[in-house]
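If you want the building blocks of each chain, they are given just below.
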Amino acid sequence: MNRLTRSPLLWPLLALAALLLFNLVVNPGFFAVRIQDGHLFGSLVDVLKNAAPTLLIAIGMTLVIASRGIDLSVGAVVAIAGAIACNSLVSAPDPTSAGAAVVAISTALGVALLLGAWNGLLVSVFGIQPIIATLVLMTAGRGIAMLITDGQIITVDNDTYGWLGGGHLLGIPAQVVVAGLILLTVALLTRRTALGMLLEAVGINPEAARLAGVRSRSIVWTVYVFAALAAAVAGLMISAQVTAADANRAGLFIELDAILAVVIGGTSLAGGRYSLTGTVVGALILQTLTTTVYTVGIPPDMTTLFKALVVIVVFLLQAPRLRAVMARRRRPAPPPLPSGGLPDEAAAVLTGGPALGDDEHTPAHAPAPTASGTTGSGRGALR
Amino acid sequence: MRTTPAGPADPAAPGAPSRPVVEMSGITIEFPGVKALQDVDLRLFPGEVHALMGENGAGKSTLIKALTGVYSYDSGTVTVGGTERGFSSPAEAQAAGISTVYQEVNLCPNLSVTENIVLGREPRRRGSIDRRASRTRARAVLSRLHLDVDPDSTLGTHPIAVQQLVAIARAVDTDCRVLVLDEPTSSLDAGEVAELFRVVRALRDSGVAILFVSHFLDQVYEISDRMTVLRNGQLVGEHRTADLPRLRLVQEMIGRELATLEDLERAAAHPVPSDAVPRLSGRGIGRTGALAPVDLDVHAGRVVGLAGLLGSGRTELTRLLFGADRATSGELRVDGRPVRLRSPRQAIAHRIAFSSEDRKAEGVVGDLTVRDNLLLALQARRGWLRPIPRRTGDELVAKYMAALDVRPADPDALLRNLSGGNQQKVLLARWLLTEPRLLLLDEPTRGIDIGAKAQIQQLVAQLAADGMSVVFVSAELEEVVRICDQVVVLRDRHKVAELDGATSSVDDVVDLIARGGRS
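Residues numbered from 1 in each chain as written. Chains lettered and ligands numbered in written order. Predicted model: local features only at pLDDT ≥ 70, side-chain atom pairs only at ≥ 80, totals over all residues.

## Some details on the overall build of chain B
Heads up, the rule is: Numbering of helices and strands runs from the N terminus, with a helix taken as a DSSP run of H or I at least four residues long and a strand as a DSSP run of E at least two residues long. Buried residues are those with 20 or more other C-beta atoms within 10 Å of their own C-beta, exposed residues have 12 or fewer, and partly exposed residues lie in between; C-beta atoms are placed from the backbone. Think of it this way: build a C-beta for each residue from its backbone, and any pair within 7 Å is a contact.
The number of helices and strands found in chain B is 17 helices and 22 strands. Burial status across chain B gives 52% buried among its 519 residues. In chain B, the proportion of contacts linking residues at least 24 apart, taken out of those at least 6 apart, comes to 69%.

Here it is, written out as structure tokens:
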């Protein structure tokens, strides 16, 4: 129980649950899932399906943020990927064939790889600040997409390509399947190998990681390439869903949603420790919120306002200072020490362990008894 | 383990002024689950330098924070100038004449010296800052401390030592009766320390009570008139410095008969066969602007010390030997074969390991666990595709945590929650796990407590005895001379001499550093 209440995922999960409950009250059929033509249908399925592109981008963003970076260009990559795929389809000898779709998808992914490599080059080799380095592609990217589509909205008609947007596998929407598979792959790749730990080390202390022999440069480069690839897949999904490439609007502001999802999920923008589970929860919160706005009948133009409200509430609940205040409310006085002797922690101190109230720093779990907001020690001040 | 607290020195003893300006008594501070301070007394007399002594975790910082209003205390009293009062914020303490200068300079490097001195209490005229009055005030306080610093210069352009002195000037700019100096000398070299002490003495003679915290025993004995010793959050005793022999002080601090540093057996120097190929051999190794070309041979089983002041090139040399910076001249050979080190990875591939002097910025990965920190270098060498199997990792971690006595013995604790000494042990273990053949240690014992220091020194001797080559850098010459078989003396980015550790004394090294007869 204690572990649960301390988990950084607690508040995001509660927020998600509250949102879902609210929807259930407003629309009693919200949780209903039915099978129609062998496919799953229902509001929850829609939430998952619509969350998939943002989730994919947020997964890439999680790794980038863990490396102490940020990638603002993913929205542009979404537009470019859609534009390239659709352009490739319409100029193929047989635009409706499966072969044309495979070529289109591969071309889009190949270009995304190059774009990611470009970002990675600027950040890891030339040492340009990530926010600046990716701003380049963010601003240039839509222009590139417009060049490719010649300023037009290209519509396509290809069943194989369309599957990415509207198809099903075993009754599950294709977007959910693809996003789920990529999520699973990333989770296994980072947590079953040493990649996750090395990435976190680079994000927490790049110089220490370099001196320990970590290939920081290639790790950072790789995460930018992966972020671009993930964005491209999301771009293909988005364009396949509407069977068109819209260079102007596809993926607009999606980079901000992705960053929000990551941060709501508890990964610090300062880099280092990251949580893929948290990112999933964050992406689901954002999508549920959008769905809620539609369900309740609020004009869609106001969605952003509601997003902002929920986000600020989640952040406040996560803020260390607010949590400290609430914790003090709940426990006005620290429990008296057992008379039988000092607890284990204290015993460790007396035998020369790392003492609380240490000379060089105060451990994060030992706030000053009456923190007056001036102690500035530990996690609270840093995060 | 516990010794009876020695009674406070007799206040009527010669040299002790009549009334303390600050008197803390019975101070107890509890953090959840632990007593950080228990019934501690501290008296500060005007015109005295009072050293607060204790190992890491003894409660020195906590006591200072209780005095300066950062922490509030659970019981006890603080009397300032005869009236009982406590402070609930640093600003209140400062208003009462208690100023603090912390280990890291907490000033704004982008502002001018004047602005830093008057920041937050600028003289005003018609609602705006009176720049002329500010400058006059800064000049006054600088000249009071006999500091020759241009008040209009930007603070960041000065060396750390000068910034530290400006921090002191800022602290005494207000009506300051008590000055707290928390590890003010940890990043200063000998000349700068002398300058700092001159200022401290001037302040003392003007009647300010000074509370001085330092890990350097030499400095404490040089500057202090009185000491209070803490251990594990409890008062051990208050003494006049002149009455407390060093050995006794150390015993009080660590609470046991020290396997005294002085008794540390010098590992029998290993004679080097004349025809032996050095494990590492550098000819003319240098880097433009950082280090003039240096020749250096390190043989198997030998400890080579690099001695010199801060900025003498000792750190620069170790970084070149590890590929952390690239050498612009010279040739390196490992086991007789020429190598080029362009990155730490290449050095690691040659089984070279490097522990940086800047533990926090270049060693500790604070938000990772002790386990991950220990395995980091080994894992990096294996590459991310070949994770260290869980069980192998656990065994290695357990083995090295036990061997180096890392506390707490919890591999899942975050490294940043460990004390400085234990962090250093973890960093050393990180490298020992990779089984290096040449270990470069830059200030491995700086800022850590005496117990951990002795352990690390013993470890170095043991590793060399087992055949490892070690390059050992330390600002404490006594330590260098004691541990090293061979001492390379650096001065002003040049190598000036190479001594045999067994036959040289600290005085020889000091002499070379001071005279610097370039050989």
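## Structural notes on the overall build of chain A
A count of helical and extended segments in chain A gives 17 helices and six strands. The buried share among the 383 residues of chain A stands at 48%. The contacts in chain A between residues at least 6 apart in sequence include a share of 75% that link residues at least 24 apart.

## With respect to the sheet that holds strand β17 (residues 337–339) of chain B
Residue and element names in this part refer to chain B. Going by this rule: The pairing criterion for strands is at least two bridges between them, as found by DSSP. For helices, the fitted axis covers only the stretch in contact; all axes are lines through C-alpha atoms, and the angles between them, taken along N-to-C directions, range from 0 to 180 degrees.
If you trace the four strands from one edge of the open sheet to the other, you get β14-β13-β16-β17, paired in antiparallel fashion. Two strands close off the open sheet at either side, each with one partner strand: β14 (291–298) and β17. Between one strand axis and the next, the sheet turns by 25° as a mean value, whatever way the strands run. In terms of strand pairing, strand β13 (residues 280–287) meets strand β16 (residues 329–334) through five bridges, oriented antiparallel.

## Concerning helix α5 (residues 98–125) of chain A
Short version of the rule: A helix is expected to span 1.5 Å multiplied by its residue count minus one.
The terminal C-alpha atoms of α5 of chain A, which comprises 28 residues, lie 39 Å apart, in line with the 40 Å expected from a rise of 1.5 Å per residue. Looking one or two residues past α5 of chain A, glycine 127 of chain A carries a phi angle of roughly 70°, positive in sign.

## Re the sheet that holds strand β19 (residues 438–442) of chain B
Residue and element names in this part refer to chain B. On the basis of which strands lie adjacent, the open sheet formed by six strands has the order β18-β19-β20-β15-β21-β22 and mixed pairing. Edge positions in the sheet fall to β18 (352–355) and β22 (494–500), since each has one partner strand and no second. Between one strand and the next, the sheet's axes are offset by a mean angle of 15°, whatever the strand orientation. Here β18 runs beside β19; their pairing, made up of four bridges, is parallel. Across the sheet, isoleucine 352 pairs through a bridge with leucine 438, a residue of β19.

## Some remarks on helix α8 (residues 174–191) of chain A
All names here are of chain A. Cut-off, in case you're wondering: Directions drawn from the helix axis to the C-beta atoms are what define this arc.
An ideal rise of 1.5 Å per residue puts 26 Å on 18 residues; α8 measures up with 25 Å between its terminal C-alpha atoms. Inspection of α8 places Ala174, Gln175, Val178, Ala179, Ile182, Leu183, Val186 and Thr190 among the buried residues, and these make up the whole buried set. Buried residues of α8, viewed axially, fall in a sector of 160°; they line one side. With respect to the buried face of α8, the exposed residues turned more than 90 degrees away are Leu181, Leu184, Thr185 and Leu188.

## Re the pairing of strand β12 (residues 234–240) of chain B
Most of β12 of chain B is tucked away: five of the seven residues are buried. From the end of strand β11 (residues 226–231) of chain B to the start of β12 of chain B, which pair antiparallel, there are two residues, and asparagine 232 of chain B there has a positive phi angle of about 50°.

## Some details on the environment of valine 281 of chain A
Residues and elements named next belong to chain A. Here valine 281 lies in helix α13 (residues 276–296). Residue valine 281 is classed as buried on the basis of its 21 C-beta neighbours within 10 Å. Taking the C-alpha atoms as reference, valine 281 lies 9.2 Å from leucine 55; in sequence the two are 226 residues apart. Beyond its immediate stretch of four places on either side in the chain, valine 281 contacts Leu9, Pro12, Leu13, Leu16 and Gly265.

## Re unusual backbone geometry
All names here are of chain B. Here aspartate 335, not a glycine, exhibits a phi torsion of approximately 50°, which is positive. For aspartate 335, a count of 14 C-beta atoms within 10 Å gives the class partly exposed. With a phi angle near 60°, aspartate 405 is a residue other than glycine that sits in the positive phi range. Here aspartate 405 shows up in the loop between α13 (390–403) and α14 (420–432).

## Observations regarding the packing of helix α3 (residues 43–66) of chain A against α13 of chain A
Between two packed helices, the angle of one axis relative to the other and the distance separating the axes together describe the packing. Residue and element names in this part refer to chain A. Definition in use: In this scheme, roughly parallel covers angles under 35 degrees and roughly antiparallel covers those over 145, while 65 to 115 is roughly perpendicular and the rest are oblique. The hand of a helix crossing depends on one turn: near helix anticlockwise from the far one by less than a right angle means left-handed, and clockwise means right-handed.
For the pair α3 and α13, interaxial distance at closest approach is 8 Å and the crossing angle is 135°. What the angle tells us is that α3 and α13 run oblique. Seen from above, α3 lies across α13 with right-handed handedness. The residues of α13 that touch α3, namely those facing Ser43, Asp46, Val47, Asn50, Ala51, Thr54, Leu55, Ala58, Ile59 and Thr62, are Leu276, Thr279, Val280, Gly282, Ala283, Leu284, Leu286, Gln287, Thr288 and Thr291.

## Quick word on the nonpolar core
To keep it simple, the criterion reads: Here a nonpolar core is just a set of buried residues of the types Ala, Val, Leu, Ile, Met, Phe, Trp, Tyr and Cys, joined wherever their C-beta atoms sit within 7 Å.
Counting residues in each nonpolar core, the largest one holds 183 residues, and the members touching the most others are Val77, Leu198, Ala227, Ala230 and Ala231 of chain A together with Phe472 of chain B. Broken down by element, this core gets its largest block of residues, 19 residues, from helix α11 (residues 216–241) of chain A. Those residues in contact with alanine 227 of chain A that sit more than four places away from it in its chain are Gly60, Met61, Leu63, Val64, Asp71, Val74 and Gly116 of chain A. Formed by 76 residues, the second largest nonpolar core is a distinct cluster that contains Leu155, Ala169, Leu211 and Val250 of chain B.

## Examining the environment of valine 199 of chain B
All names here are of chain B. Here valine 199 lies in helix α6 (residues 190–205). Here valine 199 falls in the partly exposed class, since 18 other C-beta atoms lie within 10 Å of it. Separated by 159 residues in the primary sequence, valine 199 and valine 40 place their C-alpha atoms 29 Å from one another. When sequence neighbours within four positions are dropped, the list of residues in contact with valine 199 reads Leu145, Leu165 and Ile168.

## Quick notes on the confidence of the model for chain B
Residue and element names in this part refer to chain B. In plain terms, the rule: Each residue carries a pLDDT value, the predictor's own confidence for that position, ranging from 0 to 100.
In the predicted model, chain B carries a mean pLDDT of 83, and the fraction of residues at 70 or more is 89%. Low pLDDT, under 50, characterises residues 257–268; the stretch is placed with 14 contacts to residues that sit more than four places away or in other chains. Complex prediction metrics read pTM 0.72 and ipTM 0.75.

## Some details on the packing of α5 of chain A against helix α6 (residues 130–149) of chain A
Residues and elements named next belong to chain A. Heads up, the condition is: All residues other than Ala, Val, Leu, Ile, Met, Phe, Trp, Tyr, Cys, Pro, Asp, Glu, Lys and Arg, Gly among them, are scored as polar; the first ten of these are nonpolar and the last four charged.
Relative orientation of the contacting elements α5 and α6 amounts to 150°, with a least axis distance of 9 Å. Between α5 and α6 the crossing geometry is right-handed. The residues of α6 that touch α5, namely those facing Leu115, Trp118, Asn119, Leu122 and Val123, are Pro130, Ala133, Thr134 and Leu137. Its residues assigned to classes, the contact of α5 with α6 shows seven nonpolar, two polar and no charged.

## Digging into the pairing of strand β9 (residues 178–182) of chain B
Residues and elements named next belong to chain B. Burial of β9 is extensive: five of the five residues sit out of reach of the surface. Burial along β9 is two-sided: the residues Val178, Val180 and Asp182 and Leu179 and Leu181 are all buried. Here four bridges tie strand β6 (residues 98–101) to β9, and the two strands are oriented parallel to one another. For isoleucine 98, the partnering residue across the bridge sits in β9 and is valine 178. As paired strands, β9 and strand β10 (residues 209–213) are joined by five bridges and run parallel to one another.

## Describing the environment of valine 294 of chain B
Residues and elements named next belong to chain B. On the secondary structure map, valine 294 appears in strand β14. Sequence separation of valine 294 and glycine 330 is 36 residues, and the distance between their C-alpha atoms is 8.2 Å. Among all residues touching valine 294, those that are not within four sequence positions of it are Gly282, Ile285, Gly286, Leu317 and Lys495.

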